[in-house]
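Structural characterization, general
Here is how the chains run, residue by residue.
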Amino acid sequence: MNDLPHARHFIDGAWTESGTVGESTDPATGEVLGTFADGGAPEARAAIDAARRAFETGDWARDRDLRARALFEMSDRMAERRDELVGLLSRENGKIPAEAALEVDLTISKIRYYGALALTESGRASEVKPGLYSMTLRQPAGVAGVIAPWNSPVILSVRSFAPALAAGATVALKLPAQTALTNSLLYEIVAATTALPRGVFNAFTESGSSGARLIVADPGVDVISYTGSTHVGRSIMADASASLKGMSLELGGKTPMIVFDDADLDAAVPVLTKAITTFTGQFCMTGSRILVQRGVADALRTRLSAALEAVRVGPGTDPTSQMGPLIDRANADRVEKEISDAAEYARILVRGGRITDGPLAAGAFLRPALVEVDEVDRPIVQQEIFGPVATFEVFDDEADAVARANATEFGLAASIWTRDVDRPLRVGRELEAGTVWANTWAVIVDQMEEGGFKQSGVGRLNGERALEEFQEIKHIVHPAPRAS
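The shown structure was predicted, so the numbers you read here are calculated from the model rather than taken from an experiment. (Residues numbered from 1 in each chain as written. Predicted model: local features only at pLDDT ≥ 70, side-chain atom pairs only at ≥ 80, totals over all residues. Heavy atoms only, no water.)

Structural notes on the overall build of the protein chain
Scanning the protein chain from terminus to terminus reveals 15 helices and 25 strands. Relative to a compact globule of 484 residues, whose C-alpha radius of gyration would be 23 Å, the protein chain shows 24 Å and is just as compact. Principal axes of the C-alpha set define a box for the protein chain whose edges measure 80 × 65 × 40 Å. Counting all 484 residues of the protein chain, 57% fall into the buried class. Here the contacts in the protein chain between residues at least 6 apart in sequence split such that 72% fall between residues at least 24 apart. Summed over its atoms, the accessible surface of the protein chain is roughly 19500 Å², and 52% of this surface lies on carbon and sulfur atoms. The average position of the 49 basic charges and that of the 66 acidic charges among the side chains of the protein chain differ by 4 Å. (Helix = DSSP H or I, 4+ residues; strand = E, 2+ residues; numbered from the N terminus. Rg over C-alpha atoms; globule rule 2.2 N^0.38 Å. Buried < 20%, exposed > 50% of the residue type's maximum accessible area, 1.4 Å probe, protein only. Contact = heavy atoms within 4.5 Å. Areas by Shrake-Rupley, 256 points an atom, 1.4 Å probe, with all protein chains shown as cover. Lys, Arg positive; Asp, Glu negative; His and termini not counted. Charge placed at Lys NZ, Arg CZ, Asp CG, Glu CD.)

Some words on helix H13 (residues 398-405)
Listed as buried for H13 are Ala401, Val402, Arg404 and Ala405. Taken down its axis, H13 places every buried residue within 165° of arc, on the same side. For H13, the secondary structure elements touched by its buried residues are strand E13 (256-259), strand E14 (289-293), strand E19 (389-395) and helix H14 (423-430). (Arc of directions from axis to C-beta.)

Here we look at the side chain of Ser321
Considering the arrangement of structural elements, one finds Ser321 in the loop between helix H10 (294-309) and helix H11 (329-342). In this structure the side chain of Ser321 is engaged in a polar contact, spanning 3.4 Å, whose partner is the backbone oxygen of Gly314. In contact with Ser321, other than residues within four places in its own chain, are Ile96, Arg312, Gly314 and Pro315. (Polar contact = N/O pair within 3.5 Å; in protein donor to acceptor, adjacent residues only side chain to side chain.)

So, the sheet that holds strand E18 (residues 369-372)
Pairing in this open sheet of seven strands is mixed, and the strands run E15-E18-E19-E14-E13-E21-E22 from one edge to the other. Among the strands making up the open sheet, the edge pair consists of strand E15 (347-350) and strand E22 (435-438). Put simply, the sheet's adjacent strands are angled 25° from each other on average, direction ignored. Note that strand E21 (residues 413-417) and E22 share four bridges and pair parallel. Bridge pairing in E22 places Ile416 opposite Ala438. (Pairing = 2+ DSSP bridges. Axes fitted to C-alpha atoms, helices over the stretch in contact; angles between N-to-C directions.)

Comments concerning the pattern of salt bridges
Under the criterion given, the structure shown has 43 salt bridges. Where Asp396 meets Arg294, a salt bridge forms, and the shortest distance between an N and an O atom there is 2.7 Å. With Asp396 in the loop between E19 and H13 and Arg294 in helix H10, this residue pair connects regions lying 102 residues apart in the sequence. One salt bridge connects Glu375 with Arg378, and the closest N-O pair in it is separated by 3.5 Å. According to the relative accessible area criterion, Glu375 is partly exposed, its value standing at 36%. Connected through salt bridges with shared partners, the residues Asp262, Glu398, Asp420, Arg423 and Arg426 form a single ionic network. (Salt bridge = Lys/Arg side-chain N within 4 Å of Asp/Glu carboxyl O.)

Quick notes on the UniProt feature "domain: Aldehyde dehydrogenase" (unreviewed entry) in the protein chain
Feature annotation in UniProt assigns "domain: Aldehyde dehydrogenase" (unreviewed entry) to the following positions: residues 17-476. Between the first and last C-alpha atoms of residues 17-476 the distance is 46 Å; the span itself is 40% helix and 23% strand. (UniProt positions renumbered as here; feature names shortened; annotations may be inferred.)

Focus on the pairing of E18
Covered by surrounding structure in E18 are Ala369 and Val371 together with Leu370 and Glu372, the residues of both alternating faces. Pairing analysis gives three bridges linking E15 to E18, with the strands arranged antiparallel. Its bridge partner lying in E18, Ile348 is registered against Val371.

Some words on helix H8 (residues 230-239)
For an α-helix the count is 3.6 residues per turn, leaving residues at separations of three or four pointing the same way. Those residues of H8 lying buried are Thr230, Gly233 and Ile236. Around the axis of H8, the buried residues are gathered within 110° of arc, so they sit on the same side. On its buried face, H8 sits against helix H7 (210-217), strand E11 (223-227), strand E12 (246-250) and strand E20 (410-411).

Details of a nonpolar patch on the surface
Taken together, the side chains of Val443, Val445 and Met448 make up a nonpolar region of the molecular surface, amounting to roughly 270 Å² of accessible area. With respect to the helices and strands, the residue Val445 is situated in the loop between E22 and strand E23 (453-454). Among the residues examined, Val445 registers a relative accessible area of 36% and is labelled partly exposed. (Patch = residues over 30% accessible without salt bridge, like charges linked within 9 Å, V, L, I, M, F, W, Y side chains within 5 Å.)

Okay, structure coming up:
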């Protein structure tokens, strides 16, 4: 046990421990991978205080060249340790290596994008009346509290703290215990950034919520960026209300994948299959609702069922694996129960469910499931499952498709499959979703904003808007009349 790696926190430029030590396990085997300092409110307090000192006493908030230089260097440090980070993320999080590599590679480019954006954002100026000059300046909001989840800890934390740093904010970051070793490697990469001043970036790992709650409620934190469940997002908004913090919340999703009669099923079926199984369905944009027009419902039902049954489930160490385990056995058991409960009111097309025998039984493995549902008010349609489970729903026309797609409280993303060149715009305009893909899925680019409608969140990440989430706008009025 003493030979196993040990993860620590990184606060005020130093590596710190906690009184409590936890264990990180491999979700594919249950094997202990290492230990970690398990933080909480004391670590959050130290992180907030360090970030506040750095913001108020250093040059970070005013020096955009420094911010760009630090972010460019940070991306280089991550590129240098890319393979190490991919391997650890795959092992600890359960992603197959290709999916872990996708996460890390997208993260490297994202840091570089925000390094560039640190140099390019600007305000406005105008002589609004003769001799009356008016200008707006963007300046950092202060300390940014970032809380990110275990399902994609590298990219989802960077997606928040990179624009925060680019904007000139300082950061107190909380990451979850399920990926403690991966978290610590990320902290190491940031700590190796020589251009980053002490206290600008502070991060800790905790298995509980006391540290996260302090970040949310503390008046020393000026803006919150949270990615996670809608239930927790509501609590964060309530707890932060006393200090009227800025708030960016990307919350749950229930992505409808809308397949029309004229869709190319040869192109659609492989993507629909990946939409259900990528990251083992532990993804806010998982294609968890397959909506199909009646004319091709039989064909798609048959083809998609066969594709899901053929998915090779296994550990990331097996190069033939197409889908890894869930994050832990408790979540695998939870999703298994969701499938069993659905059998009482829906038709099970592909049973999927827990793997309870053979070499995979010791891990958190689950085969993908497909459940046909007629009524949109059923729990499996309305609730985010966060596993490789999709509903199969039949619609008649565009109006019916839109009504069904909009019938949940979520509005994060949607996908439209058709050969009609106008339909994606026509139907997409009516969908209550922050992102709509046409004949594709999960294409996300750094330059364009993403976020949710309805209960899928507030604010936006990616693109120029992400910087604005961590900035205040100051209006300066300067009378300078013409000399008489």
